[in-house]
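Structure at a glance
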Amino acid sequence: MKTFRKTSCLIFVFLSFLSFSGYCQETEDKIFSNDELKNAAKDIIEAAGTCALITLDNNGLPMVRVMDPFPVEDDFTVWLGTNPNSGKVNQIKSNPNVTLYYLGSNSSGYVVIHGKAQLINDQSEKDVRWKTEWEAFYPNKTDAYLLIKITPQWMEIVSYAHGIIGDPTTWQAPQVLFDSNE
């Protein structure tokens, strides 16, 4: 009976190890092309719908808020709308370095875009970049509506659906660097 219990325990441990090994990160290093990374990033961004905009306040503390961005452009430029009197506007004036964070649906991955923000108050741009559902927030879109244009410098991507995961040792996510000319 003791031998049966020992054997049963060993089989249980072995089977448990096999069943959990599928949940571990791959240890094989796969190099993804920039196009593969960008395609995965666009899938995550489109599915996310919203993003978090992170700026730094005057004390250097990160300030995070949920935003309703316009669809990402082919070069990964992101446009946002805001109130010109909001705290984020003053923070961007003081430090244009910002971060955007998109969480994939069902937490299936994420995209982080680091870039430079510009405040755009051009009425023709504001007319093009407008969502009718925002009318309640911006009753006067001429004076009470401002655009934030974020030009990406680099981006990191994790997408389990696309097999894109971090380094098995450091967990560093794959990155795309953007040219200032891109």
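Our structure's up above, just so we're on the same page.
What you see is a predicted model; the values in this text were computed from it and never measured. (Residues numbered from 1 in each chain as written. Predicted model: local features only at pLDDT ≥ 70, side-chain atom pairs only at ≥ 80, totals over all residues. Heavy atoms only, no water.)

The next point concerns the overall build of the protein chain. Counting its secondary structure elements, the protein chain contains four helices and seven strands. Sequence-ordered secondary structure for the protein chain, helices as α and strands as β, is α-α-β-β-β-α-β-β-α-β-β. Counting the 182 residues in the protein chain, one finds 38% classified as buried. A separation of at least 24 residues holds for 64% of the contacts in the protein chain among residues at least 6 apart in sequence. By element, 55% of the accessible surface of the protein chain is carried by carbon and sulfur atoms, the whole surface being about 11400 Å². (Helix = DSSP H or I, 4+ residues; strand = E, 2+ residues; numbered from the N terminus. Buried < 20%, exposed > 50% of the residue type's maximum accessible area, 1.4 Å probe, protein only. Contact = heavy atoms within 4.5 Å. Areas by Shrake-Rupley, 256 points an atom, 1.4 Å probe, with all protein chains shown as cover.)

This part covers helix H2 (residues 34-48). Over its 15 residues, H2 extends 21 Å from the first C-alpha to the last, a length consistent with the 21 Å expected when each residue adds 1.5 Å. Buried within H2 we find Leu37, Lys38, Ala40, Ala41, Lys42, Ile44, Ile45 and Ala48. On its buried face, H2 sits against strand E4 (97-103), strand E5 (109-120), strand E6 (146-159) and strand E7 (175-177). Remark: Gly49 follows H2 within two positions and exhibits a positive phi of approximately 80°. (Expected span 1.5 Å × (residues − 1).)

With respect to the helices and strands, Val64 occurs in strand E2 (residues 62-67). Separated by 35 residues in the primary sequence, Val64 and Thr99 place their C-alpha atoms 9.4 Å from one another. Aside from chain neighbours lying at most four places away, what touches Val64 is Ala52, Leu53 and Ile54.

Moving on to the pairing of E2. The pairing of strand E1 (residues 51-56) with E2 spans six bridges and is classified as antiparallel. The residue bridging Thr55 from the neighbouring strand is Met63, located in E2. The hairpin formed by E1 and E2 contains five residues between the paired strands, and Gly60 there has a positive phi angle of roughly 80°. (Pairing = 2+ DSSP bridges.)

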